[in-house]
Amino acid sequence: MIDEGPSPEDVRRFSDETGYCPACGAEIWDAAPRCPECGRWIDGATESQHPEQAAARRKMMALIAILTLLGFTGLLAILRIF
Ligand SMILES: [Zn+2]
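Residues numbered from 1 in each chain as written. Predicted model: local features only at pLDDT ≥ 70, side-chain atom pairs only at ≥ 80, totals over all residues. Heavy atoms only, no water.

Colleague: Please explain the overall build of the protein chain as it appears in this structure.
Modeller: Counting its secondary structure elements, the protein chain contains two helices and two strands. Counted from the first residue to the last, the protein chain has its helices and strands arranged as α-β-β-α. Counting over 82 residues, the protein chain shows a buried share of 15%. Summarising the internal contacts of the protein chain: among those between residues at least 6 apart in sequence, 15% fall at separations of at least 24. (Helix = DSSP H or I, 4+ residues; strand = E, 2+ residues; numbered from the N terminus. Buried < 20%, exposed > 50% of the residue type's maximum accessible area, 1.4 Å probe, protein only. Contact = heavy atoms within 4.5 Å.)

Following this line, the structure appears as structure tokens:
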């Protein structure tokens, strides 16, 4: 039996090849014709128009993730004191 389209395993295997939507910054599969988040059509490679913006956004996301983690850890420490 031959599969017509990519199986979930295939999608997972190629999930490394992700890019970021130039419009909303959502992480999307590089080969996706359009962004599933905002519906913007992707012409060619993602991030081709505003790589600096995308990089800045990614840094911001990492910062937010770290701050959230620190905040959560701090909250746990406070709860442990009382
Ligand atoms: Zn988008």
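We are not done yet, so read on.
Colleague: How should the coordination of the zinc ion be read in this particular structure?
Modeller: Geometrically, a metal with four donors at the corners of a regular tetrahedron has ideal angles of 109.5 degrees, and one with six donors at the corners of a regular octahedron has ideal angles of 90 or 180 degrees. Looking at the zinc ion, the protein donor atoms are Cys21 (SG), Cys24 (SG), Cys35 (SG) and Cys38 (SG), and they sit 2.3 Å from it. Because the angles between the four donor atoms bound to the zinc ion fall within 106 to 113°, the donor set is best described as tetrahedral. (Donors = N, O, S within 2.8 Å, 3.2 Å for Na, K, Ca; no water. Tetrahedral: all angles 85-135°; square planar, octahedral: opposite > 155°, others 65-115°.)

Colleague: Sorry, what's going on with the nonpolar core here?
Modeller: Formed by Cys21, Ala26, Ile28, Cys35 and Ile42, the largest nonpolar core amounts to five residues. Not counting residues within four places of it along the chain, the set of residues in contact with Ala26 comprises Gly19, Tyr20, Cys21, Cys35 and Glu37. (Core = buried A, V, L, I, M, F, W, Y, C linked by side-chain atoms within 4.5 Å.)

Colleague: Would you explain a nonpolar patch on the surface in this entry?
Modeller: Together, Met60, Met61, Leu63, Ile64, Ile66, Leu67 and Leu70 give the surface a local cluster of nonpolar side chains, amounting to about 710 Å² of exposed area. Here Ile66 lies in helix α2 (residues 51-81). Among the residues examined, Ile66 registers a relative accessible area of 48% and is labelled partly exposed. (Patch = residues over 30% accessible without salt bridge, like charges linked within 9 Å, V, L, I, M, F, W, Y side chains within 5 Å. Areas by Shrake-Rupley, 256 points an atom, 1.4 Å probe, with all protein chains shown as cover. Salt bridge = Lys/Arg side-chain N within 4 Å of Asp/Glu carboxyl O.)

Colleague: How should the confidence of the model for the protein chain be read in this particular structure?
Modeller: Should pLDDT be low for a region, the predicted coordinates there are not to be read in detail. This prediction gives the protein chain a mean pLDDT of 79; 74% of its residues lie at or above 70. When pLDDT is averaged over each element of the protein chain, α2 comes out on top at 89 and helix α1 (residues 8-13) at the bottom at 59. (pLDDT = per-residue confidence, 0-100.)

Colleague: Just checking my understanding: could you explain the environment of Glu17 for this structure?
Modeller: Mapped onto the elements of the fold, Glu17 is located in the loop between α1 and β1 (18-20). As for Glu17 and Ile28, which are separated by 11 residues in sequence, their C-alpha atoms are 8.8 Å apart. Leaving out residues up to four positions away in the same chain, Glu17 has contacts with Trp29 and Asp30.

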